[in-house]
Amino acid sequence: VGRTDADWQAALQANGQTFMAAVSPCFFTHYPVSGWNKNWYFGGDDHLLVTRWEEMMSLVSTPEFVELVTYNDFGESHYMTSPDNRPAPSGTDWVVGFDHTAWLRLSSIYAHAYQNSGNVASVSQDQLFYYYRPHPKAAVATGDTEGPPWHCIEAEDSIYAVAVMKSAAMVHIENAGTTVSTAVGAGITLLEVPFVAGSVSVSVERSSVTILSATGMDIEASPVKYNFNYFVDDVAEALDTARQGGSVPCYTLWSDVALCCSSKDSRSAFLNHDCVHVNGGGGCQPSGFVADKDWAKVVDNCRATIVEPEPGYPCASITSKDECCKRKDSNLSNCFYGNVAFGSGNMCESAAYITANGETANIDNTYDT
């Protein structure tokens, strides 16, 4: 068997097996010899996350499944969430201050295309993603006893940016006082600018008006410790995330996409769930009611909560099995679905409730949180 996706896919299909391909943004780990003894850099350059998604859709036969590697493996730096208040092995200090949630938001664009025969959804919100390492590859750390990671010399000292634009614009990437400006068209444009130690900021201009801007982490000339993790950030056109449209039963906004996407549900069973509009006849639904298979049909300007839903919905308010099994309540207790209704009368309840009431035997084990 060869080593390409096509080789693996062909070999598995020949044996009646399913091919699940992997998409990953980078790999860096820096544990001491006295601990995990892992100190290497396996890349993340050349827009690895995006190009890998593009590979998924360029295969003659699209893989049956794609796995994001990973959501929360902080020790190897390829996580796509925030490390704040989440467990990581002792000594994983290179993730502190390095939130990767923007990579998950970027992946949602390509995941939508993967689910729709490679067709990227029309852009309804200007977005700019940017990411880079925090020091040059040749920098010498002043207080690191482990030495530089293996293969670090193969890294590219570059600032990467992905412009997702509704229409033509100018993207400005500033580094150490020097600005590189690039004209981009509607859709997705990949950008790369070599970096040096110093400040980093980005902005987007259209018709001589700055529409997006952000300031990134400074690139250090002399770090205390080696860190080949990525600073990842994004800036986007403001959406009505505060849901200024008010609070009503979502179904009453069935055909009003704009109002649906700016409202919350008022019913006690779905209290404060964001209303989202599902194309293809799905109408306006509370987010806790939308099945996983239908999220790809949610219109773009309603998608703010689908990437990483905030904890806080009471588990008991969720009726969808798919949604229950990926949620946590306001106390960060996992939600579980029952084989039958729990003693509370609800199909979805928190782990805290289930344990306290001795109902663990009723958990539907076909889903694993």
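So, a few notes on the structure that sits alongside this text. (Residues numbered from 1 in each chain as written. Predicted model: local features only at pLDDT ≥ 70, side-chain atom pairs only at ≥ 80, totals over all residues. Heavy atoms only, no water.)

Okay, the sheet that holds strand β9 (residues 187-194) next. With antiparallel pairing, the four strands of this open sheet are ordered in space as β9-β6-β5-β12. Both edges of this open sheet fall to β9 and β12 (231-236), since each of them pairs with a single strand only. The average angle at which neighbouring strand axes cross in this sheet is 15°, direction not considered. Bridging between strand β5 (residues 127-132) and strand β6 (residues 158-165) involves five bridges; their strand directions are antiparallel. Bridge assignment links Gln127 to a residue of β6, and that residue is Val164. In the packing of helix α3 (residues 101-114) onto the sheet, the strands contacted are β5, β6, β9 and β12, and the crossing angle to β5 comes to about 125°. (Pairing = 2+ DSSP bridges. Helix = DSSP H or I, 4+ residues; strand = E, 2+ residues; numbered from the N terminus. Axes fitted to C-alpha atoms, helices over the stretch in contact; angles between N-to-C directions. Contact = heavy atoms within 4.5 Å.)

All right, on to the sheet that holds strand β11 (residues 209-215) then. Ordered in space as β8-β7-β10-β11, the four strands form an open sheet in which the pairing is antiparallel. Two strands lie at the open edges of the sheet, namely β8 (178-184) and β11, each paired on one side alone. Pairwise comparison of adjacent strand axes, ignoring direction, gives a mean angle of 15° for this sheet.

A separate point is the state of the cysteines. The tally for this structure, following the rule as stated, stands at three disulfides. Shown here is the disulfide that connects Cys315 with Cys335, its sulfur atoms set 2.1 Å apart. Measuring the twist about the S-S bond at about -75°, one finds the Cys315-Cys335 disulfide to be left-handed. Taken together, the residues Cys315 in the loop between β16 (283-286) and α5 (321-324) and Cys335 in strand β17 (residues 335-337) connect sequence positions 20 residues apart. (Disulfide = S-S within 2.5 Å.)

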